[in-house]
Amino acid sequence: MAGCAGTDDRGSHPLSRQQSATIESLSNEILRLNQELDGTVSSREDLQTARPRVEKMFAGQILRGDVRVVLDPRGLVVTVLDHALFDPDETQFTLAGEETLGKIASVLSSDLSKNRVTLEGHTDNQPIEDAGGVTNWEYSIGRATAVLHYLIDIKELSPERFGVAGYAEYRPVDSNATEEGRDRNRRVEIVIAPVRSSDAPDR
C-alpha cells in the first residue's frame, strides 16, 4: 500500500527552457498569422469598396460585354476581352484598348496603389493561323506581357507589383464550340490581390 500512496508529480515539473522557447515561438507565430489575416480581411474590404468605382468607369463596356468586374477568392478581377484591347491577331493595342488600360492604371495608382497584380492571358482552343510555330501558350503570355509593358513603361507603375501568367485555352469561361464562346475565352484578366503585411510596393 505504501507504494500506492506515492504521488506521481511528473506533471508538476517546470517546463524546460527549450519547451518555453518553443511555446513562445508558436504563440508569436499565431499572433503574426492572426494579424496578417486581419490585414487581409481589411484589404478585401478595400477591394470591395473600390469595386463600384471600377464598375462605373467601365459601365459602357460592361453593358457591351467587353469588360467584367468581379470579386473572387483571388481578389478584384477585371476581365477585358481580347477584341476590346488588341488589333486582330496582334499585340498592338487599339486606341480604345489604350483608353481601357489607362483607366485600369488610374485605379492601380490611386485607390489600389499598394496591391500586387497578376496579368493573366487566355485564348480559345483554336490554333493560330500562320503563327510560325507560336502556340496558344506563347500567344496568351504575349498578350499579358503586352499589358504589363503598357502599365510599367507607359504608365510608369512599379514593376515590383506585377506578375504575368499565360494559360492558353486551358481555363475557359465559356464553350469553345461557338464563336461567341470563343470570343469570351480570348481575354486578359487583371487580378488585383488583397494587400498582405509583407507587401510594400512603391506605388
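To start, this report covers the structure provided alongside it. Every chain begins its residue count from 1, and numbering advances along the sequence as written. Predicted model: local features are reported for residues with pLDDT of at least 70 only, side-chain atom pairs are reported and counted for 80 or more only, and whole-chain, interface and lining totals are derived from all residues. Water and hydrogen atoms play no part in the side-chain values, which are based on all heavy atoms of the structure.

**Considering the pattern of salt bridges**
A side chain with one charge may pair with a side chain of the opposite charge, provided their charged atoms come close. Our working rule: Think of a salt bridge as a Lys or Arg side-chain nitrogen and an Asp or Glu carboxyl oxygen that are within 4 Å of each other. Whether a residue is buried, partly exposed or exposed follows from its accessible area with a 1.4 Å probe, protein chains only, as a fraction of its type maximum: under 20%, in between, or over 50%, in that order.
Overall, the coordinates contain 13 salt bridges when judged by the stated rule. In this structure, Glu189 engages Arg187 in a salt bridge whose closest nitrogen and oxygen atoms are separated by 2.9 Å. Here Glu189 falls in the buried class, since its relative accessible area comes to 7%. For Arg187, a relative accessible area of 3% translates into the label buried. If you follow the salt bridges from partner to partner, you end up with Asp72, Arg74, Glu120, Arg187 and Glu189 in one network.

**Re the nonpolar core**
Our working definition: Only buried residues count toward a nonpolar core, which is a set of Ala, Val, Leu, Ile, Met, Phe, Trp, Tyr and Cys residues joined through side-chain atoms within 4.5 Å. Only DSSP runs of H or I with at least four residues qualify as helices, and only runs of E with at least two residues qualify as strands; both kinds are numbered from the N terminus onward.
If you look at the biggest cluster of nonpolar residues, it comprises 33 residues, and the most contacted ones within it are Val78, Leu119, Val147, Leu151, Phe162 and Ile190. For this core, the secondary structure elements donating two or more residues are helix H1 (17–57), strand S1 (67–72), strand S2 (75–81), helix H3 (95–108), strand S3 (117–122), helix H4 (136–154) and strand S5 (187–192). With seven residues, the top contributor of residues to this core is H4.

**Here we look at the environment of Val69**
Among the secondary structure elements, Val69 is positioned in strand S1. Note: C-alpha distance between Val69 and Arg51 (18 residues apart in sequence) is 7.5 Å.

**A look at the pairing of S3**
How we decide: In this analysis, strands are considered paired if DSSP registers two or more bridges between them.
Of all six residues in S3, five are buried; the element is thus mostly enclosed. Of the strand pairs in this sheet, S3 and strand S4 (residues 162–166) are connected by five bridges, and their pairing is parallel. Paired with Glu120 across the strands is Ala165, a residue of S4. Bridge count between S3 and S5: six bridges; the pairing is antiparallel. Across the sheet, Val117 pairs through a bridge with Ile192, a residue of S5.

**Focus on the sheet that holds S1**
As a reminder of what qualifies: Note on geometry: axes are lines fitted to C-alpha atoms, helical ones only across the stretch in contact, with angles between N-to-C directions running from 0 to 180 degrees. Should any heavy atoms of two residues lie within 4.5 Å, those residues are considered in contact.
Reading across the sheet, the five strands line up as S1-S2-S5-S3-S4 and stay open at both edges, with mixed pairing between neighbours. Sheet topology places S1 and S4 at the edges, where each strand pairs with a single neighbour. Going from strand to strand, the sheet's axes swing by 20 degrees on average, the running direction of each strand aside. Along the sheet face, H3 touches S2, S3, S4 and S5 and points at about 170 degrees away from the line of S2. Here H4 sits on the sheet and contacts S3, S4 and S5; the angle it forms with S4, its principal contact strand, is near 160 degrees.

Geometric descriptors of this kind do not, in isolation, establish any biological role.
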